[in-house]
Each structure stands twice: as C-alpha cells, then as structure tokens.
Amino acid sequence: MSSNPSLKPKAVSAPGKVLLAGGYLVLDRGYTGLVFGLDARIHCYVEPIKTNSGVILSEIIVKSPQFKEATWEYGYRLTENDGGIEVTQLRASHAIPLTRNPFIETALSYALTYISTFTPKISASTITILADTSYYSNPGTPETPSSRFLNFSVPLQSAHKTGLGSSAALVTSFTAALLSYYLPEEIFDLSKEASLQTLHNLSQSAHCAAQGKVGSGFDVASAVYGSCLYRRFSPSLLSSLSSPGRPFFAKQVKELVEGKEVIWDTEILKDAVKVPKGIRLVMCDVDCGSQTPGMVKQVLAWRKDNLGEAEPLWKELQQRNESLAGELTRLATTDKGEEEEEDKYAKLRDIILAIRSLIRKMSALSNVPIEPPQQTALLNAISTLPGVIGGVVPGAGGYDAVAVLVEDKEEVFEGVKKFIGGWKVDNQGSDVKIGKVGMLGVREEMEGVRGEDVGIYEGWL
Ligand SMILES: Nc1ncnc2c1ncn2[C@@H]1O[C@H](COP(=O)(O)OP(=O)(O)O)[C@@H](O)[C@H]1O
Ligand SMILES: C[C@@](O)(CCOP(=O)(O)OP(=O)(O)O)CC(=O)O
C-alpha cells in the first residue's frame, strides 16, 4: 500500500433529514415514511496525504477542523482469508487523548474493504469533514469572512446537536468521497443510478454497524437520494454480515453492496414527494432532547402487546401520511404559486391536523410523549400565525423539534421567527422541562448526495 499521487482530490456532500410523517411506522416494511432532505449538508474532501517526498505511509488521517482535537489517524491493512481492510486507530500525539469515532472508523473499514475488492493497493490519504452550521446550536465563527463553515471551538463530544441526522449524512458523504476518490469512474460515478444503489447499500450497512442497531435507515436513504417516500429494507439483509478482518468479510460486503446475490428491497419513491412552489419547510429546535431508542422500544412493545388497537391506528396514520405526500405533490403539479386562491392549502391543513390527532392517540395509548403537551401548545400557537399551514413533531417526536410547513414568503418566515423568539414554554405539570425554542436556518432540499467543487473549502484544508 503506497501513496499514489495520480489520484485527484474529490469532494462530496450529503444532506441532513427530517422525517415529516411516518415516525415508528417506517420501522415496519408494511408502511412508509415521508422524508425530506435538508439544505444543511456534511461535506467530505479526500486528497493524497501530504508527506515529505519519498516517505511512504499506510495511514489515513481524518480531520473535522471545526472542532477541537478532532483528528483521527488510522493504520490500515489488507487482512488474510478475504477479511477485507482492518483499520487501527493510531495515537496522533501523547498530548491528545485517543477518542474514537465509531461512525468514521466503521465507514472507513467498510468503504476500504469494498474498494479493496477492485484495487488491493490503497494509497494513503487525508479526509477533511466540514458540516453546515445548522447541525449544531453552538455559536461559531467563520474561518474566513466568505467561508460558509464555522469554527465551533469546542470538542465534538460537547457540541450541541440539533438532530438533523449528522451521522447518516457523515457516513454517506464520507463513503461517497472515498469511493469517488479511489475507484475509476467506470466503476463508481455519482451521476449513475447503479452507483447510488451501491452507495446506499454500503452506507446503510456501515451506519447500522456503527450504531449497533438496525433502525429504519430513512436518514441514510435521504442522505443518498434526497427527499423521498421511503420503504425500508428487510432488516434480515444485514444479519449475516460479519465484521472487518473476519474470514470472507470482503466477499460478503461486495455481494451485499452490489445487490446481485442479495436483493435489497428498499423502495425509494422520489416522484411521490414534491414541494409546491409557494411552500417551504421550517424547523424549530427545542432545547431539551429526547432519547429516541427508549421511545422506539416502548412504542414497539406497546404495539406488539396491543395489536387490536395498534393495527387500525397504524393503517389510518399510513393513509393520512400518504394523503399528505399526495396533496403536496398535487399542489406542486397544479399550482403555479402565482394566483391568490381562497385558502388553497385548506386540505393540507386538515391532513396535518388529522395526522397530529392520530399521533396524540399513539402517544396516549403507548404512554410515550410523542407529541407532549408542551409541543401541542407550541404547534397550536404556531398554526394560528399568518401564512402558517401546519406543523408536526418530526421523526420519533418528543421534546426535540417541530417541523412546520409555511408559505414561502419572507414576512411569514420572519413572523414565525419573532413568535418563536418570544415563546414562553409552560412546563407546569410536566416532569420534563423544555427550554428555549429557536429557528434553524434550514429548509427542505430535494437533491441527495452530490459532488462538490473543491474550491468552497478554502481556508479549511
Ligand atoms: N462534523 C463531524 N465530524 C466528525 N464526526 C461527526 C461529525 N458530526 C457527527 N459525527 C459523528 O456522528 C455522531 C453523532 O451521531 P448521532 O448521535 O447518531 O446523531 P445524529 O442524530 O445527528 O445523527 C458523533 O458522535 C460523531 O461520531
Ligand atoms: C422512530 C423512527 O421511526 C424515526 C426516528 O426519527 P428521528 O429523526 O427522531 O431519529 P434520530 O435522528 O435517530 O433521533 C425510528 C427510525 O425510523 O429509525
């Protein structure tokens, strides 16, 4: 394994996500989730490692320069018995404690393993990660006046995440950047459908392994494909995959990822999701945070024990969720956004209210605070503002965030922002106290993963 200076630097970005409808349902292949990609992206830039001439390294350096002490160095080796590439974290300096980053470590060994099935000679490289501002609510400063990326000046572990799916966007853009860098275009090309499938399958596998659980994967799917109606893959697809270094891991990864021997049953319907010209999505971050895994366990346990009540509820929610996607698409294809019609969003408004009422029923029956009273009060109040169509608790719900559909006009956005800034939370009677609510500077975006012009990282490399 040696340096190969002929490889050209490559940069890729992938979007964050919001699951507008289909929380919990989407965990089951019988149901779908309506997921929007967001215009907050995580970028990865890969370049040959910089060394003094003549020095050959077998090392990959990963840096997240917006955070303090966020450098991870890895040695890597091709293992025997077709075990793929095993990576070992190296200590950069004795002064810096060794902190592991499971998402980077796993994505690296999975991607290099797949790459090694084409080219066993993998040269050393450096990967720089840069995340858009909205992923974290910490204040930051721009490195150069024109830079879109902020220096957060804290260690990554103390950064306050806003829940936009940083790990899925990271694993996807990181994997895509490595594949684009090391593989020739005939094998991997982000403009080709087959390469997107490869990327999706590899990123889902690595993300699940790093998380230590198999979620629905809607976050990785939207990082790859952007906004879509998503039906998950069968979890059993991943159950026989061993781990890097184990015999035949490379063969297993290749078969799994290329989808020839193993058929992925994921369904991505891009055309089923459109956003009308006159509408945008806004996201409000609630200073609190819920533990998604605990909530998921409880809801699923309740569903299992109460199928008689749960099944009709799941079916009705699915119907409403599909109506939401359908109405958005209908408006997007029929409404040109110019002529003022009498309440053209009335149906959309009703669908959102019906979804919320079913979510509250799910909350009450399972005894899980999916739309807790503080969020109900906030959503009800926001929904009365001029230009607001309606909002929901996205994803698993809880105290984390609200996602709101509004008319895409500056005055509407400013009105919601002002209202949110002055919102006083009433925590009376609740064990969970939520703090300030703030607007995130994000909106929906249809596009998924994409190659980037390397010039936008000036000052960071
Ligand atoms: N900018 C970044 N640089 C490096 N690693 C990151 C970055 N952002 C996120 N990660 C990785 O993703 C993890 C957060 O993932 P997770 O807890 O699933 O949050 P999220 O809901 O945002 O996906 C971090 O602990 C870290 O391992
Ligand atoms: C419950 C779910 O269906 C949706 C959870 O969506 P969130 O957006 O709340 O997820 P996190 O980013 O992991 O907190 C679980 C799933 O689909 O995996």
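Residues numbered from 1 in each chain as written. Chains lettered and ligands numbered in written order. Predicted model: local features only at pLDDT ≥ 70, side-chain atom pairs only at ≥ 80, totals over all residues. Heavy atoms only, no water.

Identification of the protein chain as Phosphomevalonate kinase from Delitschia confertaspora ATCC 74209 is taken from an unreviewed UniProt entry. On record in UniProt, under Catalytic activity (unreviewed entry), the comment for the protein chain is "(R)-5-phosphomevalonate + ATP = (R)-5-diphosphomevalonate + ADP". (UniProt positions renumbered as here; feature names shortened; annotations may be inferred.)

Around ligand 1, 14 residues are found, and the nearest of them are Ser64, Asn101, Tyr136, Lys161 and Ser166. Within the side chain of Asn101, a nitrogen or oxygen atom sits 2.7 Å from an oxygen atom of ligand 1. In this structure, Lys161 approaches ligand 1 through a side-chain N or O atom, which is 2.6 Å from an oxygen atom. Coverage of ligand 1 by the protein chains reaches 78% of its 570 Å² of free accessible surface. Listing elements by their share of the shell around ligand 1, those giving two or more residues are α1 (102-116) and α2 (166-182). The element contributing the most residues to the shell around ligand 1 is α2, with 3 residues. Taken together, the residues that form the shell around ligand 1 break down as 8 nonpolar, 5 polar and 1 charged. (Near = heavy atom within 4 Å. Polar contact = N/O pair within 3.5 Å; in protein donor to acceptor, adjacent residues only side chain to side chain. Areas by Shrake-Rupley, 256 points an atom, 1.4 Å probe, with all protein chains shown as cover. Helix = DSSP H or I, 4+ residues; strand = E, 2+ residues; numbered from the N terminus. Nonpolar A, V, L, I, M, F, W, Y, C, P; charged D, E, K, R; others polar.)

It is worth spelling out empty space enclosed by the protein at this point. Inspection of every chain in the model, using the stated rule, returns 3 cavities of 30 Å³ or more. Counted as a void, the largest cavity has a volume near 110 Å³. Of all the elements in the fold, those that place two or more residues in the lining of the largest cavity are β1 (10-21), α7 (307-334) and α8 (346-366). Tallied by class, residues from the lining of the largest cavity come to 9 nonpolar, 4 polar and 2 charged. Both domains that furnish three or more residues to the lining of the largest cavity are identified here as domain 1 (10-270 + 453-457) and domain 2 (279-445). (1 Å grid on protein atoms, 1.4 Å probe; cavity = no way out; pocket = protein on both sides within 12 Å on 5 of 7 lines; lining within 4 Å. Points joined across faces, edges and corners; volume = space filled by probe spheres on them. Domains from an automatic or database assignment.)

Inside soluble globular proteins, nonpolar side chains tend to come together where they are buried. Ranked by size, the top nonpolar core spans 140 residues in total, and within it Leu112, Trp314 and Leu324 carry the most contacts. No other element matches α2, which puts 11 residues into this core. In this structure, this core is formed jointly by two domains, domain 1 (10-270 + 453-457) and domain 2 (279-445), each of which donates at least three residues. Dropping the residues within four chain positions of it, Trp314 is found in contact with Tyr24, Leu25, Tyr31, Val299, Trp302, Arg303 and Met362. Grouped together as the second largest cluster of nonpolar side chains are 6 residues, Ala11, Tyr45, Phe149 and Trp460 included. (Core = buried A, V, L, I, M, F, W, Y, C linked by side-chain atoms within 4.5 Å. Buried < 20%, exposed > 50% of the residue type's maximum accessible area, 1.4 Å probe, protein only. Contact = heavy atoms within 4.5 Å.)

Axis separation between α1 and helix α5 (residues 249-258) bottoms out at 9 Å; the angle between their running directions is 90°. With respect to their mutual orientation, α1 and α5 come out roughly perpendicular. Where α1 approaches α5, its residues Tyr110, Thr113 and Tyr114 are matched on the opposing element by Phe249, Ala250, Val253, Lys254, Val257 and Glu258. By residue class, the composition of the contact of α1 with α5 is 6 nonpolar, 1 polar and 2 charged. (Axes fitted to C-alpha atoms, helices over the stretch in contact; angles between N-to-C directions. Parallel < 35°, antiparallel > 145°, perpendicular 65-115°, else oblique.)

This brings us to the environment of Phe103. Position of Phe103 among the secondary structure elements: in helix α1. The spatial distance from the C-alpha of Phe103 to the C-alpha of Ser167 is 6.8 Å, given a sequence separation of 64 residues. Phe103 has contacts with Ser167, Leu170, Val171, His207, Ala210 and Gln211, leaving out every residue within four places of it along the chain.

Between its terminal C-alpha atoms α8 stretches 30 Å, which fits the 30 Å expected from 21 residues at 1.5 Å a residue. Of all the residues in α8, the buried ones are Leu348, Ile351, Ile352, Ala354, Ile355, Arg356, Leu358, Ile359, Met362, Ser363 and Ser366. Of the residues one or two after α8, Asn367 is the one with positive phi, at around 60°. (Expected span 1.5 Å × (residues − 1).)

What follows deals with the UniProt feature "domain: GHMP kinase N-terminal" (unreviewed entry) in the protein chain. Here, UniProt's "domain: GHMP kinase N-terminal" (unreviewed entry) annotation points to residues 160-226. Between the first and last C-alpha atoms of residues 160-226 the distance is 24 Å; the span itself is 66% helix and 0% strand.

Now for the domain arrangement of the protein chain. Considered domain by domain, the protein chain is made up of domain 1 (10-270 + 453-457) and domain 2 (279-445). Each of domain 1 and domain 2 was reduced to a C-alpha centroid, and the two centroids are 29 Å apart. Taken together, the contacts link 26 residues of domain 1 with 32 residues of domain 2. Note on domain 1 versus domain 2: buried area summed over both sides is about 2,500 Å², and carbon and sulfur give 65% of it. For domain 1, the biggest contributors to the area lost against domain 2 are Leu20, Tyr24 and Tyr31; these three give 30% of the whole. The tally of links from domain 1 across to domain 2 stands at 2 salt bridges. Ionic pairing is found between Arg303 and Asp28, a salt bridge with its closest N-O pair at 3.0 Å. If you look at where domain 1 meets domain 2, you find 8 residue pairs in polar contact (both at pLDDT 80 or more). Of all the elements in the fold, those that place two or more residues in the side of domain 1 that touches domain 2 are β1 and β2 (33-48). Residues belonging to the side of domain 1 that touches domain 2 are distributed by class as follows: 14 nonpolar, 9 polar and 3 charged. (Buried area = accessible area lost by both parts, 1.4 Å probe. Salt bridge = Lys/Arg side-chain N within 4 Å of Asp/Glu carboxyl O.)

In sheet architecture, strand pairing relies on hydrogen bonds along the backbone and comes in two forms, parallel and antiparallel. The 4 strands lie next to each other as β12-β13-β11-β14, forming an open sheet whose pairing is antiparallel. This sheet does not close on itself; its edge strands, each paired only once, are β12 (388-392) and β14 (437-440). Adjacent strand axes in the sheet meet at a mean angle of 30°, parallel and antiparallel pairs treated alike. Bridge count between β12 and strand β13 (residues 401-407): 4 bridges; the pairing is antiparallel. Paired with Val392 across the bridge in β13 is Ala403. Against the sheet, α8 touches β11 (279-286), β12 and β13, its axis set at about 20° to β12. (Pairing = 2+ DSSP bridges.)

To continue, consider unusual backbone geometry. Positive phi, normally seen in glycine, also occurs at Asp82, with a value near 55°. Considering the arrangement of structural elements, one finds Asp82 in the loop between β4 (71-78) and β5 (85-90). Given a relative accessible area of 35%, Asp82 falls into the partly exposed group. Even without glycine at this site, Ser153 takes up a positive phi of about 55°. Here Ser153 shows up in the loop between β8 (150-151) and α2.

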